Amino acid sequence: LRAAAFRLLDEAELLTANLEDAGLFVSPVLPVGSVARAIRECLDPSVRERLSRRGRTLAETLGLVTVSNGFPLAIEEHARAVRADDTWHRLCRVAEWPRSAVPADWLAAFLAEQRATRSLTVIFAPLHRRDARRQALAVATRVGASIDEREQKGRRVGAEERRAQLAAEAIDEELEAGAEMELVVGLVDVCAPS
């Protein structure tokens, strides 16, 4: 655990340096109370105004939100959602990422919508070489079968199919050359009062 903590600090310093090199401002590490407050506000955004109102008092210096009270008091689990205090949460998995170029703010309208708070988490997990080859082969087979079916039925093979085939071949070449592959999972937490 200690080694993992030091590794996390090293990675955080590397990320900070890269962000600063890109011209972005990086704030220092948050104290424990601020982290607890951020978690509390994510779990129940309805407390944000109350905490801000109370946070301007002596409670701010005494640590208004601490590790011991940074979590919700009541949690109800339902089939398709979870309720934490006064806020409902629904978690959605990103089923497919864009296959063509998109602007840098392609998710801005979705994430910045006013009636609900949305959080996007992207997880990168390295795949074992054997699993990566298996996945690449499955994608290449699926794309190739789709193209063959279109050609047999006399339908036009569009640019999207040709790009997918080229991408599958490029992945195969990269894996053959020793490149690593990662599994990318996107999770969107939508939380709102109802």
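Keep in mind it's a predicted model, so treat the numbers as computed, not measured.

Novice: Outline the overall build of the chain, listing residues and values.
Specialist: Summing up its helical and strand segments, the chain has seven helices and five strands in all. Counted from the first residue to the last, the chain has its helices and strands arranged as α-α-α-α-β-β-β-α-β-α-α-β. Put simply, 70% of the contacts in the chain that link residues at least 6 apart link residues at least 24 apart. Entry remark: accessible area of the chain is about 14,800 Å², with carbon and sulfur atoms responsible for 58%.

Novice: Can you lay out the pattern of salt bridges for me, pointing to particular residues and giving the numbers?
Specialist: Between side chains of opposite charge, pairing is possible as soon as their charged atoms come close. Per the stated rule, a full pass over the model turns up seven salt bridges. The residue Glu176 makes a salt bridge to Arg133 at a minimum N-O spacing of 3.3 Å. Here Glu176, found in helix α7 (residues 159-176), pairs with Arg133, found in helix α6 (residues 129-152); they are 43 residues apart in sequence, far enough to count as distant. For Glu176, a relative accessible area of 54% corresponds to the exposed category.

Novice: Requested: an account of the packing of α6 against α7, with residues and values cited.
Specialist: Running from N to C, α6 and α7 cross one another at 155°; their axes reach a closest spacing of 9 Å. Considering the angle they form, α6 stands roughly antiparallel to α7. Considering only the axes of α6 and α7, their crossing is left-handed. Across from Arg129, Ala132, Arg133, Ala136, Val139, Ala140, Val143, Ile147 and Arg150 in α6, the residues of α7 making contact are Glu161, Ala164, Gln165, Ala168, Ile171, Asp172, Leu175 and Glu176. Across the contact of α6 with α7, the residue classes tally to ten nonpolar, one polar and six charged.

Novice: Account for unusual backbone geometry, naming residues and giving values.
Specialist: A positive phi angle, near 55°, is found at Asp85, a position not held by glycine. Relative to the elements of secondary structure, Asp85 occurs in the loop between β2 (82-84) and β3 (87-93). The exposure class assigned to Asp85 is buried, which follows from its relative accessible area of 14%.

Novice: Requested: an account of the sheet that holds strand β1 (residues 75-77), with residues and values cited.
Specialist: Ordered by their spatial adjacency, five strands build an open sheet running β1-β2-β3-β5-β4, and the pairing between neighbours is antiparallel. The sheet terminates laterally at β1 and β4 (117-126), the two strands that pair on one side only. Direction aside, the axes of adjacent strands within the sheet are offset by 20° on average. Of the strand pairs in this sheet, β1 and β2 are connected by three bridges, and their pairing is antiparallel. Note on β2: the bridge partner recorded for Glu76 is Arg83.

Novice: I'd like a description of the nonpolar core, backed by residues and values.
Specialist: The biggest cluster of nonpolar side chains holds five residues, and these are Leu127, Ala132, Ala136, Leu175 and Met181. Residues in contact with Ala132, not counting those within four places in the same chain, are Leu127, Leu175 and Met181.

Novice: Describe the pairing of strand β5 (residues 182-192), naming the residues involved and giving the relevant values.
Specialist: Every other side chain in a regular strand lies on the same face of the sheet, so the side chains alternate between the two faces. Where β3 meets β5, six bridges bridge the pair, whose relative direction is antiparallel. Considered in β5, the bridge of Cys92 is made with Val188. Of the strand pairs in this sheet, β4 and β5 are connected by ten bridges, and their pairing is antiparallel. Paired with Ile123 across the bridge in β5 is Val185.

Novice: An account of α6 is needed here, citing residue identities and associated values.
Specialist: A rise of 1.5 Å per residue sets the reference length of α6, with its 24 residues, at 34 Å; its end C-alpha atoms lie 34 Å apart and thus fit the reference within 8%. Listed as buried for α6 are Ala132, Ala136, Val143, Gly144 and Ile147. Tucked into the core, α6 has its buried residues touching α7. Within two residues after α6, Gly154 carries a phi angle of roughly 75°, on the positive side.

Novice: Tell me what's going on with the packing of aromatic side chains, and back it up with residues and numbers.
Specialist: Scanning the model with the defined rule gives one aromatic pair in all. Arranged with centres 6.5 Å apart and planes meeting at 75°, the rings of Trp97 and Trp106 form a pair that is edge-to-face.

Conventions adopted
- Residues numbered from 1 in each chain as written.
- Predicted model: local features only at pLDDT ≥ 70, side-chain atom pairs only at ≥ 80, totals over all residues.
- Heavy atoms only, no water.
- Helix = DSSP H or I, 4+ residues; strand = E, 2+ residues; numbered from the N terminus.
- Contact = heavy atoms within 4.5 Å.
- Areas by Shrake-Rupley, 256 points an atom, 1.4 Å probe, with all protein chains shown as cover.
- Salt bridge = Lys/Arg side-chain N within 4 Å of Asp/Glu carboxyl O.
- Buried < 20%, exposed > 50% of the residue type's maximum accessible area, 1.4 Å probe, protein only.
- Axes fitted to C-alpha atoms, helices over the stretch in contact; angles between N-to-C directions.
- Parallel < 35°, antiparallel > 145°, perpendicular 65-115°, else oblique.
- Left-handed = near helix turned anticlockwise from the far one by under 90°.
- Nonpolar A, V, L, I, M, F, W, Y, C, P; charged D, E, K, R; others polar.
- Pairing = 2+ DSSP bridges.
- Core = buried A, V, L, I, M, F, W, Y, C linked by side-chain atoms within 4.5 Å.
- Expected span 1.5 Å × (residues − 1).
- Phe/Tyr/Trp six-rings, centres within 6.5 Å; stacked < 30°, edge-to-face > 60°.

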